[in-house]
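# Structural description and commentary
Letter by letter, the chains look like this.
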Amino acid sequence: LREPHQMSLETEDMTMLKFTMTPDAFVDMVLAIDLCPVEISGLGTVEKHKGERRITDIILFPQECSGGGTEFDSYDPQSFRRYWSRLIQEGRAQETNNKRLWWHSHVRGAAYFSGTDRWNIEEFGSAAADGEEFNPWLISIVGNKMRHFGLRLDIFHPTRQTYCKLQLELLEIEKLRELYRSRQERMQKLINQFVRILPPSRLRGVSEKRDRGEKNE
């Protein structure tokens, strides 16, 4: 694990909110990116504090991902929406109040928000509009194995707004190295349980449609 000050994170002034991440959550996200040989995606819990949005944990859900290495944007774009819908169907809609992070890996590709990524973010906004107990907003993180990260905030209601290239502050950075060692086995088990790797050809067509802005039937 590189020292925190060696991370490359796109930054731009955004004075409205401070974005922070606990050491457990950050290490779990980094481990998922490091240990999975292909793209991987997940959600995360975000706590609202005055002037701050704090990411406290990350969540993996069942997903189908491409074995195409640098063929990023080929993970299953509907998997997180199915997870979201299941929470609502099971009467757990209140849990969607704080599931406000979507994170994913580009493996060794550049850490930027592609056309497919932006399509997925709009899908989240569409899913959020179906709920009645929360104002739809989403924090997104894209990362890669070189420790490059991008962060953005999307607000869907009452007006559509996007804030890009935000700064992420890591909390309790002195714990990162030990957590990285101690949580590897746990994360590998979660990846084995939830991630199904498919040939690139199985998902490339879906990704190309997303980049053209088309909906899947």
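Residues numbered from 1 in each chain as written. Predicted model: local features only at pLDDT ≥ 70, side-chain atom pairs only at ≥ 80, totals over all residues. Heavy atoms only, no water.

## Things to note about the state of the cysteines
Which entries qualify depends on this criterion: Throughout, disulfides are identified as pairs of cysteine sulfur atoms within 2.5 Å of each other. Categorising residues by exposure relies on relative accessible area from a 1.4 Å probe, with only protein chains included: less than 20% of the type maximum marks a residue as buried, more than 50% marks it as exposed, and the intermediate range marks it as partly exposed.
In this structure the tally under the stated criterion is zero disulfides. Here cysteine 36 is not disulfide-linked; the sulfur of cysteine 65 is the nearest cysteine sulfur, at 5.7 Å. Residue cysteine 36 is classed as buried on the basis of its relative accessible area, which comes to 1%.

## Some remarks on the environment of glycine 150
Heads up, the condition is: Counting from the N terminus, the helices are the DSSP runs of H or I reaching at least four residues and the strands are the DSSP runs of E reaching at least two.
Among the secondary structure elements, glycine 150 is positioned in strand 8 (residues 148–155). Remark: the alpha-carbon pair of glycine 150 and tyrosine 112, spanning 38 residues in sequence, is separated by 6.2 Å.

## Re the packing of aromatic side chains
Filter applied, for reference: Any Phe, Tyr or Trp ring, taking Trp's six-membered ring, that has another such ring centre within 6.5 Å forms a pair; planes under 30 degrees apart are called stacked, those over 60 apart edge-to-face, and the others tilted. We call a charge positioned above a ring when the Lys NZ or Arg CZ atom is no farther than 6 Å from the ring centre and deviates by at most 35 degrees from the ring normal.
A full pass over the atoms with the stated rule returns one aromatic pair. Measuring from ring centre to ring centre gives 5.8 Å for phenylalanine 26 and phenylalanine 149, while their planes differ by 55°; the resulting arrangement is tilted. Note that phenylalanine 26 is positioned in helix 1 (residues 23–35) and phenylalanine 149 in strand 8, a separation of 123 residues in sequence. Take phenylalanine 26 and phenylalanine 149: they sit in the same class, and that class is buried. Positioned over the ring face of tryptophan 137 is arginine 53, at 5.5 Å from the centre of the ring. The ring centre of tryptophan 137 lies 5.3 Å from the NZ or CZ of arginine 100, which sits over that ring.

## A word on the confidence of the model for the chain
Low-pLDDT portions of the prediction should not be read for the details of their coordinates. In plain terms, the rule: pLDDT expresses, on a scale from 0 to 100, how confident the predictor is about each individual residue. The contact criterion used is simple: two residues touch if any of their non-hydrogen atoms lie within 4.5 Å.
On average, residues of the chain score 78 in pLDDT, and 73% of them reach the 70 mark or higher. Ignoring residues within four places in sequence, the model shows residues 1–14, a span with pLDDT below 50, making 38 contacts including any to other chains. A low-confidence stretch, residues 68–75 (pLDDT under 50), is modelled with 32 contacts involving residues beyond four sequence positions or located in other chains.

## What to know about the packing of helix 1 against helix 5 (residues 184–194)
The condition that has to hold: Only C-alpha atoms enter the line fits that serve as axes; for helices the fit covers just the stretch in contact. Angles between N-to-C directions range over 0 to 180 degrees. Orientation categories follow fixed angle ranges, with anything under 35 degrees roughly parallel, anything over 145 roughly antiparallel, 65 to 115 roughly perpendicular, and all other angles oblique. Here a crossing is taken to be left-handed if its near helix is turned anticlockwise relative to the far helix by less than a right angle, and right-handed if that turn runs clockwise. When residues are sorted by character, Ala, Val, Leu, Ile, Met, Phe, Trp, Tyr, Cys and Pro go into the nonpolar class, Asp, Glu, Lys and Arg into the charged class, and all the rest, Gly among them, into the polar class.
Across the interface, helix 1 lies against helix 5 with an axial gap of 10 Å and an inter-helix angle of 60°. Put simply, helix 1 runs oblique to helix 5. Relative to helix 5, the crossing made by helix 1 is right-handed. Across the interface between the two elements, Asp28, Leu31, Ala32 and Leu35 from helix 1 touch Gln184, Arg186, Met187, Gln188 and Ile191 from helix 5. Partitioning the contact of helix 1 with helix 5 into residue classes produces five nonpolar, two polar and two charged.

## A look at the pairing of strand 7 (residues 137–143)
Basically, it comes down to this: Pairing between strands requires that DSSP locate at least two bridges from one strand to the other.
Summarising burial for strand 7: seven of the seven residues are buried, a large majority. Here strand 7 shows a buried face lined by Trp137, Ile139, Ile141 and Gly143 and a second buried face lined by Leu138, Ser140 and Val142. Bridge count for strand 6 (residues 101–105) against strand 7 is five bridges, and the pairing is parallel. Looking at strand 7, one finds that tryptophan 103 is bridged to isoleucine 141. Judged from the seven bridges that link them, strand 7 and strand 8 form a sheet pairing that is antiparallel. Pairing of isoleucine 141 across the sheet is with leucine 151, part of strand 8.

## Section: the pattern of salt bridges
Cut-off, in case you're wondering: A pair is scored as a salt bridge if a Lys or Arg side-chain nitrogen falls within 4 Å of a carboxyl oxygen belonging to Asp or Glu.
Throughout the structure, instances matching the rule amount to 12 salt bridges. Glutamate 172 is the salt-bridge partner of lysine 175, the closest N and O atoms lying 2.8 Å from each other. One salt-bridge network, held together by shared partners, links Asp24, Asp28, Arg183 and Arg186.

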